[in-house]
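# Fold and contact review
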Amino acid sequence: KLKIMLGRTDLVCEWLRGGIVDFGIVVDNVDFKGLTTEILKEGTFSLIQKKGSEANWHEAGVLTVEGKREVLKLKQKYNSHFNGELKIKMEIGSWGVIERFVESGIGAGFVPDFMFKANSKMRKYKFIEQKKLSVPYTMNLIRKADHYLPGRCQRVIDEFVSRAN
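Everything in this summary refers to the structure shown in the same document.

What counts and how
- Residues numbered from 1 in each chain as written.
- Predicted model: local features only at pLDDT ≥ 70, side-chain atom pairs only at ≥ 80, totals over all residues.
- Heavy atoms only, no water.
- Helix = DSSP H or I, 4+ residues; strand = E, 2+ residues; numbered from the N terminus.
- Buried < 20%, exposed > 50% of the residue type's maximum accessible area, 1.4 Å probe, protein only.
- Contact = heavy atoms within 4.5 Å.
- Phe/Tyr/Trp six-rings, centres within 6.5 Å; stacked < 30°, edge-to-face > 60°.
- Core = buried A, V, L, I, M, F, W, Y, C linked by side-chain atoms within 4.5 Å.
- Salt bridge = Lys/Arg side-chain N within 4 Å of Asp/Glu carboxyl O.
- Arc of directions from axis to C-beta.
- Polar contact = N/O pair within 3.5 Å; in protein donor to acceptor, adjacent residues only side chain to side chain.

## Here we look at the overall build of the protein
Helices and strands together make up the secondary structure of the protein, namely six helices and seven strands. From first element to last, N terminus to C terminus, the protein shows the α and β order α-β-β-α-β-α-β-α-β-β-α-β-α. Judged by the C-alpha coordinates and their principal axes, the protein covers about 50 × 30 × 25 Å. Taking all 165 residues of the protein together, 39% fall into the buried category. Relative to all contacts within the protein whose residues are 6 or more apart in sequence, the contacts with residues 24 or more apart total 73%.

What follows is the structure, given as structure tokens:
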């Protein structure tokens, strides 16, 4: 029986270490110490805003997740390019919620590109300072080093990889 769970990268790592899940497919924004990793794909985090929005994202601030690596890099890049501190409007625990807030016009958000690759969602949004502020990431397969993955798990991974690329 295959059980699929969704969660933040740090939770998936805890589930792996605790034997709750066999593997995880996660973004590289936490420490994977003690786990085996394999890069499945690469992408970028970017700031997006609803098309047609005239809101000044510098003044209003941006929607991000809580202090992960990609957010720290965004802050560094912002400081380097704009000689100031990036204003954070709200920290939210889900990229999906950030995307829905941006779609509703609540503000600009910092999200990974895989959220938009397989569909036409990007038609609703515009990228903000993509060349200056995008942050690269890798999507990784993680598992315990000594843990054998059954065939059913490998089939799920293969399907994910084929759809992600």
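## Things to note about unusual backbone geometry
Positive phi outside glycine occurs at Asn83, with the angle close to 50°. Mapped onto the elements, Asn83 comes out in the loop between helix 3 (69–82) and strand 4 (88–91). Here Asn83 falls in the exposed class, since its relative accessible area comes to 70%. Unlike most non-glycine residues, Glu129 shows phi in positive territory, near 45°. Structurally, Glu129 can be placed in the loop between strand 6 (125–128) and helix 5 (130–133).

## Concerning the packing of aromatic side chains
With the rule as written, the count across this model stands at eight aromatic pairs. Where Trp57 meets Tyr78, the ring centres are 5.9 Å apart and the plane angle is 75°; that geometry is what we call edge-to-face. Of this pair, Trp57 sits in helix 2 (residues 57–60) while Tyr78 is found in helix 3, placing the two residues 21 residues apart along the sequence. When sorted by exposure, Trp57 lands in the same class as Tyr78, which is buried. Cluster of aromatic residues (ring-pair linked, three or more members): Phe45, Trp95, Phe110, Phe114 and Tyr137.

## Here we look at the nonpolar core
Ranked by internal contacts, the top residues of the largest apolar core, which has 28 residues, are Leu47, Trp57, Trp95 and Ile98. Among the elements of the structure, strand 2 (35–50), strand 3 (62–64), helix 3, helix 4 (95–103), strand 5 (108–112), strand 6 and strand 7 (135–144) are those that each provide at least two residues to this core. The next biggest cluster of nonpolar side chains, apart from the first, holds ten residues, and it includes Val12, Cys13, Val21 and Leu35.

## Here we look at the pattern of salt bridges
Working definition: two side chains of opposite charge can pair if their charged atoms are close together. Evaluated as defined, the whole model comprises four salt bridges. The salt bridge involving Lys68 is made with Asp10; its shortest N-O contact spans 3.8 Å. Of this pair, Lys68 sits in the loop between strand 3 and helix 3 while Asp10 sits in helix 1 (residues 9–17), and the two are 58 residues apart along the sequence. The class of Lys68 is buried, set by a relative accessible area of 15%. Residue Lys132 is joined to Glu129 by a salt bridge in which the shortest nitrogen-to-oxygen separation is 3.8 Å. Of the residues examined, Glu129 reaches a relative accessible area of 30% and is grouped as partly exposed. A cluster of three or more residues bridged by salt bridges with shared partners is formed by Arg8, Asp10 and Lys68.

## Some thoughts on helix 4
Taken residue by residue, helix 4 has Trp95, Ile98, Glu99 and Val102 as its buried positions. Along helix 4, the residues classed as buried sweep out an arc of 100° about the axis, all on the same side. Check the buried side of helix 4 and you find it contacts strand 1 (24–27), strand 2, strand 3, helix 3, strand 5 and strand 6. A distance of 3.2 Å separates the backbone nitrogen of Gly96 from a side-chain oxygen at the start of helix 4, and that oxygen is part of Ser94. Downstream of helix 4 by a residue or two, Gly105 has a phi angle that is positive, lying close to 85°.

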